[in-house]
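# Summary of the model geometry
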Amino acid sequence: MATNDVDTPAAFTYIWAIENCRTFLAPESVESPVFEVESLESTEWHLAIEEKGEKFLSISIHREQDSGPDIIEIDFQLALLTSQGTCVKKENHRSRFLKGGHFELAESTDHIFKSETDQYLSNDTLTLRCQMWGLGLDTPRPNLCFAGSRLGLVKCTFFCNIRNFSFLTPGQEFKYHVVPISGENPALVVAFV
């Protein structure tokens, strides 16, 4: 497929729905489950989204350290979909991916989370689609894969004594390190200002 030819069926289509996206999107990257594309020489990939500052949402495709060739050139399309599956925004690209390489593009958070929320975030779910075509490879039967992620909060209660609390002055910062007992979640730093 040339990057502007939308009539050629994709060798592989991956649709990733991220629930609770508006409420829980954090500054850390959120990654899709890894997927293998056998028709692209058994290469492995994942998608990721990340808020960049308060103005942009980074959408990226990443190649894993897989058993495929050292470099593979593909045509691909990254798209944001409505809940009905229609494209709100899509971009076609051709790129050469090394193992561990990635390609990133940005979309305004104002469009997604404010002015056009109804289109982008139906039921608080952001849906991304990645379509891939191999260059110089036999065209296989089209393959479709769907994955979902649910963002959420971990709630816990902790009690602590703050020594000399009554002597803290307004604006004085005091940090307290909280290490979860379960060990499943990372340690937190709580700042009192």
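Read on for a plain summary of the structure. As the structure is a prediction and not an experimental result, all values here were calculated from the model.

Counting across every chain of the model gives 2 cavities of 30 Å³ or more. The space that makes up the largest cavity amounts to roughly 60 Å³. Elements with a minimum of two residues in the lining of the largest cavity: strand 6 (71–81), strand 7 (87–98) and strand 8 (102–108). Looking at the lining of the largest cavity residue by residue, the class counts come to 5 nonpolar, no polar and 4 charged. Looking at the second largest cavity, its volume works out to about 40 Å³. Lining the second largest cavity are Leu-47, Ile-59, Ser-60, Leu-78, Ala-79, Leu-128 and Arg-129. Among the elements of the structure, strand 5 (56–63), strand 6 and strand 10 (125–134) are those that each provide at least two residues to the lining of the second largest cavity. Across the lining of the second largest cavity, the residue classes break down as 5 nonpolar, 1 polar and 1 charged.

This part is about the nonpolar core. With 30 residues, the main nonpolar core has Trp-16, Trp-45, Leu-47, Ile-49, Ile-61 and Met-132 as its most contacted residues. It is strand 6 that provides the largest number of residues to this core, a total of 5 residues.

Take the pairing of strand 1 (residues 12–19) next. In terms of burial, strand 1 is largely enclosed, as 7 of its 8 residues are buried. Summarising the sheet, strand 1 and strand 10 pair through 7 bridges and their orientation is antiparallel. What sits directly across from Trp-16, in strand 10, is Leu-128. The pairing of strand 1 with strand 11 (residues 143–150) spans 8 bridges and is parallel. Paired with Glu-19 across the two strands is Arg-150, which belongs to strand 11.

In this structure the tally under the stated criterion is 5 aromatic pairs. Aromatic pair Tyr-14 and Phe-35: ring centres 3.9 Å apart, planes at 20°, arrangement stacked. Taken together, the residues Tyr-14 in strand 1 and Phe-35 in strand 3 (residues 35–37) connect sequence positions 21 residues apart. Pair check on accessibility: Tyr-14 and Phe-35 agree, each one buried. Among the aromatic residues, those joined into a cluster by ring pairs are Trp-45, Phe-76, Phe-97 and Phe-103.

Analysis parameters
- Residues numbered from 1 in each chain as written.
- Predicted model: local features only at pLDDT ≥ 70, side-chain atom pairs only at ≥ 80, totals over all residues.
- Heavy atoms only, no water.
- 1 Å grid on protein atoms, 1.4 Å probe; cavity = no way out; pocket = protein on both sides within 12 Å on 5 of 7 lines; lining within 4 Å.
- Points joined across faces, edges and corners; volume = space filled by probe spheres on them.
- Helix = DSSP H or I, 4+ residues; strand = E, 2+ residues; numbered from the N terminus.
- Nonpolar A, V, L, I, M, F, W, Y, C, P; charged D, E, K, R; others polar.
- Core = buried A, V, L, I, M, F, W, Y, C linked by side-chain atoms within 4.5 Å.
- Buried < 20%, exposed > 50% of the residue type's maximum accessible area, 1.4 Å probe, protein only.
- Pairing = 2+ DSSP bridges.
- Phe/Tyr/Trp six-rings, centres within 6.5 Å; stacked < 30°, edge-to-face > 60°.

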